[in-house]
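Breakdown of the fold
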Amino acid sequence: MRVTSTAAVAASREVPGDDGVRRPGGEVHAWLPGRNQTLCGLPLSTNPRP
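Keep in mind that what you see is a predicted model, and the values were worked out from it rather than measured. (Residues numbered from 1 in each chain as written. Predicted model: local features only at pLDDT ≥ 70, side-chain atom pairs only at ≥ 80, totals over all residues. Heavy atoms only, no water.)

Here's the deal with the overall build of the protein chain
We count it as follows: The numbering of helices and of strands both runs from the N terminus, where a helix is a DSSP run of H or I of at least 4 residues and a strand a run of E of at least 2. A 1.4 Å probe rolled over the protein chains alone gives each residue an accessible area, and that area as a share of the maximum for its type sets the label: buried under 20%, exposed over 50%, partly exposed in between. When checking whether two residues touch, look at their non-hydrogen atoms; a contact exists if any pair is within 4.5 Å. For the accessible areas, the method is Shrake-Rupley and the probe is 1.4 Å, while residue cover comes only from the protein chains on display.
Assigned secondary structure in the protein chain consists of zero helices and two strands. Among the 50 residues that make up the protein chain, the fraction classed as buried is 8%. Expressed as a percentage of contacts within the protein chain between residues at least 6 apart in sequence, the contacts between residues at least 24 apart total 15%. Put simply, the protein chain shows about 4,500 Å² of open surface, and 51% of that area lies on carbon and sulfur atoms.

A closer look at the pattern of salt bridges
The cut-off we apply is this: Any Lys or Arg side-chain nitrogen found within 4 Å of a carboxyl oxygen on Asp or Glu counts as a salt bridge.
Enumeration over the complete set of coordinates arrives at two salt bridges. Residue Arg22 pairs with Glu14 through a salt bridge whose shortest N-O separation is 3.6 Å. Residue class for Arg22 comes out exposed when judged on its relative accessible area of 63%. Arg23 is the salt-bridge partner of Asp19, the closest N and O atoms lying 3.2 Å from each other. Of the residues examined, Arg23 reaches a relative accessible area of 38% and is grouped as partly exposed.

Side note on the pairing of strand 2 (residues 22-31)
Threshold: In this analysis, strands are considered paired if DSSP registers two or more bridges between them.
Across eight bridges, the pairing between strand 1 (residues 8-16) and strand 2 is antiparallel. Across the sheet, residue Arg13 finds its bridge partner in strand 2, namely Gly25.

Digging into the side chain of Thr38
For Thr38, the position within the fold is in the segment after strand 2. For Thr38, a relative accessible area of 5% translates into the label buried. Residues contacting Thr38, with those up to four places away along its chain left out, are His29, Ala30, Trp31 and Leu44.

Topic: the environment of Gly41
Looking at where Gly41 falls in the secondary structure, it is placed in the segment after strand 2. Placed 10 residues apart in sequence, Gly41 and Trp31 show a C-alpha to C-alpha distance of 9.0 Å.

Take it as geometry only, folks, not as evidence of what the structure does.
If you want it as structure tokens, here you go:
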């Protein structure tokens, strides 16, 4: 059985669209929920854990 997951979007900022709906802006990357990195391998959080 194949397990699939829907990617989410991580963006550096949000911008309002013409219809007033917030949209991702700036640098945008896809990521899988439950992981702390984007699909291309960039970390979502750059804060090191203590």
